[in-house]
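Listed below, chain by chain, are the residues.
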Amino acid sequence: MNSSTTKQTPHRIGFVSLGCPKATVDSEHILTQLRAEGYDIVPSYEDADLVVVNTCGFIDAAIEESLEAIGEALDENGKVIVTGCLGAKGDIVKQTHPNVLAVTGPHATDEVMSAIHQYLPAKHDPFIDLVPPQGVRLTPRHYAYLKISEGCNHRCTFCIIPSLRGDLVSRPVNDVLVEAERLAAAGVKELLVVSQDTSAYGVDVKYKTEFYNGMPVKTRMTELCQALSQFGIWVRLHYVYPYPHVNEIIPLMAEGKILPYLDIPFQHASAKILKAMKRPACSENTLQRINQWREICPDITIRSTFIAGFPGETEEDFEQLLNFLDAAQLDRVGCFAYSDVDGAKANELTGAVPEEVKQERVARFMEKQAGISANKLKKNIGKIREIIIDKVGNEQLIGRSSSDAPDIDGLVYVKITNNNNYQVGDIIQVKITDTDEYDMWATK
């Protein structure tokens, strides 16, 4: 065989991916480019010629986890390139780990590849330089994150995303739809639409009209959702900011075009605290909108997250938040104790809440919500629900309903008497027999 066509041993890259779903998508882009250029991806430090660590730098706990992961990779391998949000936070990586080969910020595939080329130049190999059309993904085969924009125009005082990832930059809508089409063709059954601010999609390009398969589509959330519905798979919206035009997508949920699931982080209910956070709306308007959404789409699931112990939060403010929970009857809720984030404006606010008070309020919040969640889930007993299968066992299937996003929401445990050739990603109907605060049990 001619030496020019002799198969070469490719360079091997280890990869550690931390952080949110947006970071996961960044990792997938880097991995796809690595495979396109003929690099092998390996699961262990010892087998890797070099390790890439995609970091998170949003809160102190995430920074600590990222720094520990970098240290572990250096100890176990020695050759490490760092990317992600922590890389955008000044010199913290180099100060803590001066032996890393290179540091980049988030959404930096080209910069990461340039650093890899410097230390491990790509070897062209016609036998292996192939990538599946949907790219390389870190999620299971049956669901995928679809990132529609990068950055954020808001300046919430507790958040440093704009300083890490910049202002909003929307992806061209035709590019998003082409990616969605490829994912659907590859067997993906659920698309999880993510960004820093999903409902702001297209505002930076003045909702420009693009063309997909010859049809005009506006770069706008409503039109994107309508277009995504054509693929016949689940479409779930995350990180939706409560703009007025969010009302437009509720009828699409009622019509079954997208999942009746809205992930909308309200963060608090006290007008004083929301103002200090630089968040919009007030609890009365929010409750009115929630009621309107439920009138249009009675099956809608509303997920939200809240912060307890924000600077200046009094017991009265917190009681307003608990009262809001009672009134709103949200379906899926998370709560986090406020923590200072290096570079956040909230650090300058007075009225710091003692740590033990923060933790006590989080516990009270979650206890309140657990009761609400248990009562809402109990109403499913005896009903037929559609689920997507995440895991197949001999006597049990584990899946999720339309009300449950992967990793953050509940599960449905389905008792079966025989396998019936069930496959991960199948969407089936089950009868709910029991529930608790977060999960459901069913029979087929």
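Residues numbered from 1 in each chain as written. Predicted model: local features only at pLDDT ≥ 70, side-chain atom pairs only at ≥ 80, totals over all residues. Heavy atoms only, no water.

## Some thoughts on the pattern of salt bridges
For the structure on display, the rule yields 25 salt bridges. E355 serves as the salt-bridge partner of K358, at 3.5 Å between the closest nitrogen and oxygen. Remark: E355 and K358 occur in helix α12 (residues 355-378); sequence separation between them is 3 residues, near one turn of the helix. The exposure class assigned to K358 is buried, which follows from its relative accessible area of 9%. Between R364 and E360 there is a salt bridge, and its shortest N-O distance comes to 3.2 Å. Taken as a pair, R364 and E360 lie in helix α12 at a separation of 4 residues, close to a single helical turn. (Salt bridge = Lys/Arg side-chain N within 4 Å of Asp/Glu carboxyl O. Helix = DSSP H or I, 4+ residues; strand = E, 2+ residues; numbered from the N terminus. Buried < 20%, exposed > 50% of the residue type's maximum accessible area, 1.4 Å probe, protein only.)

## A look at unusual backbone geometry
The phi torsion at Y239 lies on the positive side, around 55°, for a residue other than glycine. Tracing the chain through its elements places Y239 in the loop between β12 (234-237) and α8 (250-254). Y239 sits in the partly exposed class, given a relative accessible area of 24%. Backbone geometry places Q329, a non-glycine residue, at a positive phi of 50°. Topologically, Q329 is positioned in the loop between α11 (315-328) and β15 (332-337). Here Q329 falls in the partly exposed class, since its relative accessible area comes to 28%.

## Thoughts on the packing of α11 against α12
Interhelical geometry of α11 versus α12 gives an angle of 15° and a closest axis separation of 10 Å. Relative to α12, α11 is oriented roughly parallel. When the axes of α11 and α12 are compared, the crossing they make is right-handed. In contact with E315, F318, E319, L321, L322, L325 and D326 of α11, α12 contributes R361, R364, F365, K368, Q369 and I372. In terms of residue class, the contact of α11 with α12 is made up of 6 nonpolar, 1 polar and 6 charged. (Axes fitted to C-alpha atoms, helices over the stretch in contact; angles between N-to-C directions. Parallel < 35°, antiparallel > 145°, perpendicular 65-115°, else oblique. Left-handed = near helix turned anticlockwise from the far one by under 90°. Contact = heavy atoms within 4.5 Å. Nonpolar A, V, L, I, M, F, W, Y, C, P; charged D, E, K, R; others polar.)

## Observations regarding the sheet that holds strand β4 (residues 80-84)
Pairing between sheet strands relies on hydrogen bonds along the backbone, with the strands arranged either parallel or antiparallel. Within the open sheet, the 5 strands sit side by side as β2-β1-β3-β4-β5. Their pairing is parallel. In this open sheet, the two edge strands, each paired with only one partner strand, are β2 (40-42) and β5 (102-103). Contacting β1 (12-17), β3 (50-55) and β4, helix α2 (residues 60-76) runs over the sheet at an angle of about 180° to β3. On top of the sheet, helix α4 (residues 109-119) reaches β1, β3, β4 and β5; it is set at about 160° to β3, its chief contact. (Pairing = 2+ DSSP bridges.)

## Focus: the state of the cysteines
Considering all chains together, one arrives at 0 disulfides under this definition. Free cysteine C156: the closest other cysteine sulfur is in C159, separated by 6.1 Å. (Disulfide = S-S within 2.5 Å.)

## Considerations on the pairing of strand β10 (residues 209-212)
Moving residue by residue along a regular strand, the side chains alternate between the two faces of the sheet. Residues E210 and Y212 point to one face of β10 and are all buried, whereas T209 and F211, pointing to the other face, are not buried. Where β10 lies against strand β11 (residues 215-218), 4 bridges are found, and the strand directions are antiparallel. Note that in β11 the partner of Y212 across the bridge is M215. Counted along the chain from β10 to the antiparallel partner β11, the turn is 2 residues long, and its residue N213 has a positive phi close to 50°.

## With respect to the layout of surface pockets
When its volume is computed, the second largest pocket comes out at roughly 750 Å³. Secondary-structure elements contributing two or more residues to the lining of the second largest pocket are β12, α8, α12 and β16 (384-392). If one sorts the elements of the lining of the second largest pocket by residue count, β16 sits on top with 3 residues. When the residues that make up the lining of the second largest pocket are grouped by side-chain class, the tally is 13 nonpolar, 7 polar and 10 charged. (1 Å grid on protein atoms, 1.4 Å probe; cavity = no way out; pocket = protein on both sides within 12 Å on 5 of 7 lines; lining within 4 Å. Points joined across faces, edges and corners; volume = space filled by probe spheres on them.)

## Some words on the sheet that holds β16
In spatial order, the strands read β16-β17-β18-β20-β19; together these 5 strands close into a barrel with mixed pairing. Taken over all neighbouring pairs, the strand axes of this sheet differ in orientation by 50° on average, direction set aside. As judged from the 4 bridges shared by strand β17 (residues 396-401) and strand β18 (residues 412-415), these two strands associate in the antiparallel manner. Among the inter-strand pairings, G399 is bridged to a residue of β18, identified as V412.

## Regarding the environment of F310
Inspection of the secondary structure assignment puts F310 in the loop between β14 (301-308) and α11. For F310, a relative accessible area of 0% corresponds to the buried category. Taking the C-alpha atoms as reference points, F310 and F158, 152 residues apart in sequence, are found 8.7 Å from one another.

## Concerning the nonpolar core
Ranked by internal contacts, the top residues of the largest apolar core, which has 53 residues, are L228 and L262. At 6 residues, α11 tops the list of elements feeding residues into this core. Each residue touching L262, except ones within four places of it in the same chain, is listed here: L237, V240, V246, I249, I250, M253, W293, I300, T301, I302 and R303. Counting 17 residues, the second-largest nonpolar core is a separate cluster that includes L18, V53, I70 and V100. (Core = buried A, V, L, I, M, F, W, Y, C linked by side-chain atoms within 4.5 Å.)

## Details of the packing of helix α1 (residues 21-36) against α4
Close contact between α1 and α4 brings their axes to 10 Å; oriented N to C, the two are set at 45°. One finds that α1 runs oblique with respect to α4. For the crossing formed where α1 meets α4, the hand is right-handed. Counted together, D26, H29, I30, Q33 and L34 of α1 and T109, V112, M113 and I116 of α4 form the full contact between these two elements.

## Structural notes on the pairing of β3
Of all 6 residues in β3, 6 are buried; the element is thus mostly enclosed. Because side chains alternate across β3, one face comprises the buried residues L50, V52 and N54, and the other comprises V51, V53 and T55, equally buried. Relative to β3, β1 runs parallel, the two sharing 5 bridges. Counted as the bridge partner of V16 is V53 from β3. With 5 bridges joining them, β3 and β4 adopt parallel strand pairing. In the strand pairing of β4, N54 is matched with T83. Once the chain exits β3 it traverses α2 before rejoining the sheet at β4, and the crossover so formed is right-handed. (Right-handed = clockwise from strand over helix to strand, strands pointing away.)

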